[in-house]
Amino acid sequence: MEVAYRIYPLPNGTVYTEEHFKTLKDVEMLFDYCGIMEAMISKKGWDFLINKFGMEGLYEADKNSGWLYWDGDSLEQFICDVEHERNEVAYDDENDHKAITDFCESTHFPAK
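So, how was this worked out
Residues numbered from 1 in each chain as written. Predicted model: local features only at pLDDT ≥ 70, side-chain atom pairs only at ≥ 80, totals over all residues. Heavy atoms only, no water. Pairing = 2+ DSSP bridges. Helix = DSSP H or I, 4+ residues; strand = E, 2+ residues; numbered from the N terminus. Axes fitted to C-alpha atoms, helices over the stretch in contact; angles between N-to-C directions. Contact = heavy atoms within 4.5 Å. Polar contact = N/O pair within 3.5 Å; in protein donor to acceptor, adjacent residues only side chain to side chain. Buried < 20%, exposed > 50% of the residue type's maximum accessible area, 1.4 Å probe, protein only. Core = buried A, V, L, I, M, F, W, Y, C linked by side-chain atoms within 4.5 Å.

A. Representation of the sheet that holds strand β2 (residues 14-17). Across the sheet, which stays open at both edges, the three strands sit in the order β2-β1-β3 with antiparallel pairing between neighbours. Edge strands, defined here as strands with exactly one partner in the open sheet, are β2 and β3 (39-41). Between one strand axis and the next, the sheet turns through 20° on average, direction left out of account. Looking at chain direction, strand β1 (residues 2-6) and β2 are connected through four bridges and run antiparallel. In the strand pairing of β2, Y5 is matched with V15. Against the sheet, helix α1 (residues 24-35) contacts β1, β2 and β3, and its axis sits at roughly 120° relative to β3.

B. Expanded view of the environment of S42. Residue placement: S42 occurs in the loop between β3 and α2 (43-65). Look past the residues within four positions of S42 in its chain and what remains in contact with it is E2, V3, A4, A90 and Y91. In this structure the side chain of S42 is engaged in a polar contact, spanning 2.8 Å, whose partner is the backbone nitrogen of G45.

C. Structural context of unusual backbone geometry. The linkage connecting Y8 with the following residue, P9, adopts the cis geometry, with an omega of -5°. For the bond running from L10 to P11, omega is 5°, close enough to zero to count as cis. For M37, which is not glycine, the phi torsion reads 60° and is therefore positive. Relative to the helices and strands, M37 resides in the loop between α1 and β3. Classification of M37 as partly exposed rests on a relative accessible area of 27%.

D. Representation of the environment of K43 within the structure. Considering the arrangement of structural elements, one finds K43 in helix α2. Remark: the alpha-carbon pair of K43 and L58, spanning 15 residues in sequence, is separated by 15 Å. Every residue in contact with K43, bar those within four places of it in the chain, is listed here: R86, N87, A90, Y91 and D92.

E. Structural detail: the nonpolar core. Ranked by internal contacts, the top residues of the largest apolar core, which has 24 residues, are F21, I41 and L49. When contributions to this core are tallied by element, the ones reaching two or more residues are β1, α1, β3, α2 and α3 (75-89). For this core, the element with the most residues is α2, which contributes eight residues. Filtering out sequence-adjacent residues up to four positions away, F21 remains in contact with V3, Y16, D26, V27, L30, F48, L49, K52 and F53.

F. Spatial organisation of the side chain of S65. The residue S65 is located in helix α2 in this model. Residue S65 is classed as buried on the basis of its relative accessible area, which comes to 19%.

G. Examining the environment of I79 more closely. With respect to the helices, strands and loops of the structure, I79 is situated in helix α3. Residues I79 and L58, spaced 21 residues apart in sequence, show a C-alpha to C-alpha distance of 9.5 Å.

Below you can see the structure in the form of structure tokens.
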């Protein structure tokens, strides 16, 4: 199952599956990529991560990453943020990598 998609390396990007997530450090790496708009997590991917690591584990990984976590945010706030990501941002169609790449690239400002 596809957990997440990262737009790099171009042109095909990287598909992350369950096998890529053995520890919370692996999740932290994914959250780092999400934080710089290089990766997106699928709805099924969120379900997998929540079932495997629990919200508390994901919260700890996110505190280390700093993607969704803001200084002083609580576990309850993190759960709300994850629900928003899962329900409003996460993708369903595992064949929609082009749209994800276009979206992620459109959020980066060109270097000058």
